[in-house]
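# Observations on chain architecture
Single-letter residue listing:
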Amino acid sequence: MAATHYSPLPYTPGIEDPVSYKEASALLARTGHPASKETVARWVREANAGEETVPVVKAGRTDYVSWTAVLELHRDRTAVKLRASSNW
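Attention in this report is confined to the structure presented alongside it. (Residues numbered from 1 in each chain as written. Predicted model: local features only at pLDDT ≥ 70, side-chain atom pairs only at ≥ 80, totals over all residues. Heavy atoms only, no water.)

### Some thoughts on the overall build of the chain
- The number of helices and strands found in the chain is three helices and three strands.
- Its helices and strands in sequence order give the chain the pattern β-α-α-β-β-α, from N to C terminus.
- Classification of the 88 residues of the chain by burial places 32% in the buried group.
- Put simply, 57% of the contacts in the chain that link residues at least 6 apart link residues at least 24 apart.
- Looking at the chain as shown, the accessible area adds up to about 6500 Å², and 54% of this sits on carbon and sulfur atoms. (Helix = DSSP H or I, 4+ residues; strand = E, 2+ residues; numbered from the N terminus. Buried < 20%, exposed > 50% of the residue type's maximum accessible area, 1.4 Å probe, protein only. Contact = heavy atoms within 4.5 Å. Areas by Shrake-Rupley, 256 points an atom, 1.4 Å probe, with all protein chains shown as cover.)

Laid out in structure tokens, this is it:
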């Protein structure tokens, strides 16, 4: 009987540093400017609807995006939020 190979990282062509929306949310929680997984997904949808292109690869039921792209989207959204507040 052949054994199936299981890899903890999904096959994500075109994405060097894949993370799920849940993983991205958990990593952003440590920055002091947290974002829920729904918020990260909305940022990616808005970026893809605009001028940017953030590749999304579906592996099973989970969507994976580039961690670098998520960090850039987070940077842009956080800067806008900070400029609008008095904390800038």
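### Remarks on the nonpolar core
- Membership of the largest hydrophobic core comes to 15 residues, with the highest contact counts inside it found for Val40, Val54 and Val65.
- For this core, the elements supplying multiple residues, two or more each, are α1 (21-28), α2 (37-49) and α3 (67-84).
- The element best represented in this core is α2, accounting for five residues.
- Excluding residues that lie within four positions of it along the chain, Val40 makes contacts with Tyr21, Ala24, Leu28, Ala35 and Val70. (Core = buried A, V, L, I, M, F, W, Y, C linked by side-chain atoms within 4.5 Å.)

### Quick word on the sheet that holds strand β2 (residues 57-59)
- Strand order in the open sheet formed by three strands is β1-β3-β2, with antiparallel pairing between adjacent strands. Only two strands of the sheet have a single neighbouring strand rather than two, namely β1 (18-20) and β2. Taken over all neighbouring pairs, the strand axes of this sheet differ in orientation by 40° on average, direction set aside.
- Relative to strand β3 (residues 62-66), β1 runs antiparallel, the two being bridged by three bridges. Opposite Ser20, over in β3, you have Tyr64 as the bridge partner.
- Contacting β1 and β3, α1 runs over the sheet at an angle of about 90° to β1. (Pairing = 2+ DSSP bridges. Axes fitted to C-alpha atoms, helices over the stretch in contact; angles between N-to-C directions.)

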